[in-house]
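Residue-level structural notes
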Amino acid sequence: LLLNTNDMPAQDQLDISILSVGAELAGTKLWKSGAVTATVSYNNLEPYMRIAPQNYKWIHSPEYGSGALSIRQKTGTTGMLKIYGSFGGSKYILSVEDLNSENRYIDYNLQNSNSFINASWRSSLGEKWSVTTAASYTNNSDDVKFEGSIFEKQLVGTHLKRVFSNQVTEKFALKFGGELFAMDYSEDFYSVADTFLNSYQNTIVSGFAEAELYASKKLVFRLGSRVECGNYLHRTAVSPRISAAYKINSFSQFSAAYGWFYQDPSDDYLLYTNGLEYERADHYTFSYQLSENNRTFRAEIYYKDYKNLVKLNGSAFYLPENYSNAGNGYAKGLDIFWRDKKTIKNGDYWISYSYLDTKRNYKDFPLEAIPSFASKHNFAVVYKHWFGGLRSLAGVNLKYSSPRVYN
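In what follows, the accompanying structure is described. The structure displayed is predicted, hence computed values, not measured ones.

Looking at the overall build of the protein
When its secondary structure is counted, the protein shows two helices and 19 strands. Projecting the C-alpha coordinates of the protein onto the three principal axes gives extents of approximately 70 × 55 × 45 Å. Across the protein, every contact between residues at least 6 apart in sequence was considered, and the portion connecting residues at least 24 apart equals 51%. Entry remark: accessible area of the protein is about 25200 Å², with carbon and sulfur atoms responsible for 56%. Distance between charge centres in the protein, computed from 43 positive and 40 negative side chains, equals 12 Å.

So, in structure tokens, the structure goes:
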């Protein structure tokens, strides 16, 4: 749910973007107290697939079209209403080798449609109070066809949120509010032999409060808590969070944070059981940042303790009794970032490195192990150069990721 979006554009504008794999057209029109922007785009990877060798057999290369409309309107002296809506559709057909039969391939046909609308309004309430209200709606569907079978997946979601802010004094600020999530999720399978229809509905109501306290000119604390209650799992969760920042000088600071974070188990599990608890992560972070003369350095170390992760005991995923919250895990690591926009005239480069050590005992893992998405070392160097006469950027980048485990 977007609460921080672009403000009023500066002028009427027409943008045309032509790529090797598609095109985009966007136009903006202003009036005295508002503006509207419309965008249409189309992408097709077929030209790229013909040039770059592929390890997969594409019957129909990925193809995508979308449209979007954005409206901004000032309300009163301090209010701003923003409405954004988009619709997109994509499809592809991929031929995949049948692992059960030699030299046999199966065509997977995927079609996706997605619609989304987001509206927000913010305004001042007197000298110290302000309010932001927002709502969004999304509808995403995936239709897969293979060997005479049809698999349909759909997610329909609504999100409402209201936040009040009050600058009580120069050294104390208060923010509080509430939000509601409503979701319908379904997975349907049709074949000649069987039909399976699975779905569930979930509504989560939450409230939150956060206080910012300046202990001195250099030290600030942020204390907060969040309460969530869901009607599908019949659970209530309370999440305390605290962070602090110490300003060394006008260019650098240290910061530290601790907090609990909850999330629902995967939709794939909730389709078959509502007897689970929320999964939980406890976060510990410590960071340092230096920003001076168009140069920025950031370093952060962190530790995350995972609790109540969902375990699937046995291969019968459709039986509710095979699920439990007996899983656990951890993640610890280091992130380093350096960016320099000063040394090279018209140049901008940055270097980043991350180290991740993580293991989890969840899903159908027989013991604690490294998950398949985790890469221990990640390194990147990016350089961009601005050519003023051409009003153009040229860039080059190098990225490295250490191998990931697989089963």
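A look at the packing of aromatic side chains
The full count for this structure, using the stated rule, is 18 aromatic pairs. Aromatic side chains Tyr-185 and Tyr-200 sit 6.2 Å apart centroid to centroid with 55° between the ring planes, which places their arrangement in the tilted category. A residue pair is termed long-range when its members are at least 10 positions apart, and Tyr-185 in strand E9 (residues 172–190) and Tyr-200 in strand E10 (residues 195–214) qualify at 15 residues. The exposure classification of Tyr-185 matches that of Tyr-200, with both residues buried. Summarising the aromatic geometry, the rings of Phe-317 and Tyr-318 are spaced 5.6 Å apart at their centres and angled 80° between planes, so their arrangement reads as edge-to-face. Overall, Phe-317 belongs to the partly exposed group, its relative accessible area being 40%. With relative accessibility at 51%, the residue Tyr-318 sits in the exposed group. Ring-pair connections join several aromatic residues into one group, and the members of that group are Phe-254, Phe-286, Tyr-288 and Phe-297. One residue, Lys-304, lies across the ring of Tyr-302, its end atom 5.4 Å from the ring centre. Geometry around Tyr-362 places Arg-360 over its ring, the cationic atom sitting 5.7 Å from the centre.

Looking at the nonpolar core
Tyr-200 and Tyr-323 are the most contacted members of the largest nonpolar core, which totals 15 residues. Counting only elements with at least two residues in this core, the list comes to E9, helix H2 (267–270) and strand E15 (295–312). Once residues lying within four places of it in the same chain are set aside, the contact partners of Tyr-323 are Asp-268, Tyr-269, Tyr-272, Thr-273, Leu-276, Val-310, Lys-311, Leu-312 and Phe-317. Ranked by size, the runner-up nonpolar core spans five residues in total, among them Tyr-306, Leu-309, Ala-331 and Tyr-362.

Digging into a nonpolar patch on the surface
A contiguous nonpolar patch, built from Trp-31, Leu-69, Ile-71, Ile-83, Ile-117 and Tyr-137 and spanning about 490 Å² of accessible area, is present on the exposed surface. Take Ile-71: it is sitting in strand E4 (residues 57–75).

What to know about the pairing of strand E14 (residues 279–292)
Where strand E13 (residues 252–263) meets E14, 12 bridges bridge the pair, whose relative direction is antiparallel. Opposite Ser-252, over in E14, you have Leu-290 as the bridge partner. Relative to E15, E14 runs antiparallel, the two sharing 13 bridges. Bridge pairing in E15 links Ser-291 to Thr-296. Hairpin connection, E14 to E15: the antiparallel pair is bridged by two residues, and Asn-293 has positive phi, about 55°.

Quick look at the pattern of salt bridges
Where charged atoms from two side chains of opposite charge come close, those side chains can pair. Overall, the coordinates contain 14 salt bridges when judged by the stated rule. Residue Arg-222 is joined to Glu-212 by a salt bridge in which the shortest nitrogen-to-oxygen separation is 2.3 Å. Within this pair, whereas Arg-222 is found in strand E11 (residues 219–230), its partner Glu-212 is found in strand E10, the two being separated by 10 residues in sequence. The exposure class of Arg-222 is partly exposed, given its relative accessible area of 36%. Linking Lys-332 and Asp-357 is a salt bridge whose minimum nitrogen-to-oxygen distance equals 3.8 Å. Of this pair, Lys-332 sits in strand E16 (residues 323–340) while Asp-357 is found in strand E17 (residues 347–361), placing the two residues 25 residues apart along the sequence.

Scoring rules and cut-offs
- Residues numbered from 1 in each chain as written.
- Predicted model: local features only at pLDDT ≥ 70, side-chain atom pairs only at ≥ 80, totals over all residues.
- Heavy atoms only, no water.
- Helix = DSSP H or I, 4+ residues; strand = E, 2+ residues; numbered from the N terminus.
- Contact = heavy atoms within 4.5 Å.
- Areas by Shrake-Rupley, 256 points an atom, 1.4 Å probe, with all protein chains shown as cover.
- Lys, Arg positive; Asp, Glu negative; His and termini not counted.
- Charge placed at Lys NZ, Arg CZ, Asp CG, Glu CD.
- Phe/Tyr/Trp six-rings, centres within 6.5 Å; stacked < 30°, edge-to-face > 60°.
- Buried < 20%, exposed > 50% of the residue type's maximum accessible area, 1.4 Å probe, protein only.
- Lys NZ or Arg CZ within 6 Å of the ring centre and 35° of its normal.
- Core = buried A, V, L, I, M, F, W, Y, C linked by side-chain atoms within 4.5 Å.
- Patch = residues over 30% accessible without salt bridge, like charges linked within 9 Å, V, L, I, M, F, W, Y side chains within 5 Å.
- Salt bridge = Lys/Arg side-chain N within 4 Å of Asp/Glu carboxyl O.
- Pairing = 2+ DSSP bridges.

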